[in-house]
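Examination of the molecular architecture
Take a look at the letters that make up each chain.
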Amino acid sequence: MSLKTWKEIPIGGLILEAGNAESYKTGDWRSQRPIVDHEKCINCLTCWIVCPDSSVIVKDEKMIGYDYDHCKGCGICANECPVKCITMKPESDFR
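Here is a short report on the structure shown in this document. For clarity, every value in this text was computed on a predicted model and none was experimentally measured.

Focus on the overall build of the protein chain
In terms of regular secondary structure, the protein chain is built from 2 helices and 4 strands. What you see in the protein chain, going N to C, is helices and strands ordered as β-α-β-β-α-β. A total of 95 residues make up the protein chain; the buried ones form 27% of that total. The contacts in the protein chain between residues at least 6 apart in sequence include a share of 60% that link residues at least 24 apart.

Some words on the packing of aromatic side chains
The tally for this structure, following the rule as stated, stands at 1 aromatic pair. Its guanidinium or amino end placed over the ring of Y68, R33 lies 4.4 Å from that ring's centre, counting from NZ or CZ. Above the face of the F94 ring, R33 is positioned so that its terminal group lies 4.3 Å from the ring centre.

Some words on the pairing of strand β3 (residues 62-66)
Inspection of the sheet shows strand β2 (residues 56-59) paired to β3 by 4 bridges, in the antiparallel sense. Of the residues in β3, the one forming a bridge with I57 is G65. In this structure, the hairpin formed by β2 and β3 is closed by a connection of 2 residues, where D60 is found at a positive phi of approximately 50°.

Remarks on the pattern of salt bridges
It is possible for side chains of opposite charge to pair when their charged atoms get near one another. Under the counting rule described, the total for this entry stands at 4 salt bridges. One salt bridge in this structure joins D69 and K25, with 3.6 Å as the shortest N-O distance. Placement of D69 in the loop between β3 and α2 (76-80) and of K25 in the segment before β1 (32-36) is noted, with a sequence separation of 44 residues between them. Among the residues examined, D69 registers a relative accessible area of 38% and is labelled partly exposed. Each member of the salt-bridge network shares a partner with another, and the members are R30, R33 and E91.

Some remarks on unusual backbone geometry
Despite not being glycine, L45 has its phi angle at roughly 65°, a positive value. Relative to the helices and strands, L45 is located in the loop between β1 and α1 (46-50). Not every positive phi belongs to a glycine, and E61 is a case in point at roughly 60°. Among the secondary structure elements, E61 is positioned in the loop between β2 and β3. Given the relative accessible area of 68%, E61 is considered exposed.

Rules of the game
Residues numbered from 1 in each chain as written. Predicted model: local features only at pLDDT ≥ 70, side-chain atom pairs only at ≥ 80, totals over all residues. Heavy atoms only, no water. Helix = DSSP H or I, 4+ residues; strand = E, 2+ residues; numbered from the N terminus. Buried < 20%, exposed > 50% of the residue type's maximum accessible area, 1.4 Å probe, protein only. Contact = heavy atoms within 4.5 Å. Phe/Tyr/Trp six-rings, centres within 6.5 Å; stacked < 30°, edge-to-face > 60°. Lys NZ or Arg CZ within 6 Å of the ring centre and 35° of its normal. Pairing = 2+ DSSP bridges. Salt bridge = Lys/Arg side-chain N within 4 Å of Asp/Glu carboxyl O.

Right, here's the structure in full:
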């Protein structure tokens, strides 16, 4: 779909079919990036539970990182982490 102006966006936006949100890489919106200190992490998975974008990657019941293509940098994971092993860093540090 090639749109020329915002007026051409359908009511409801571009996500028109259930299940296609994964196709839209929304991580470019991020101004802050969550960074985890795996030495301090207790793998409680609170970050995974509270992430509104399902951007926390879990393997074998352990937090292994983030899907930065979809993480918007909201900081909920860092705020809710009981051991404060997640810090938010400016996205500009990674460009």
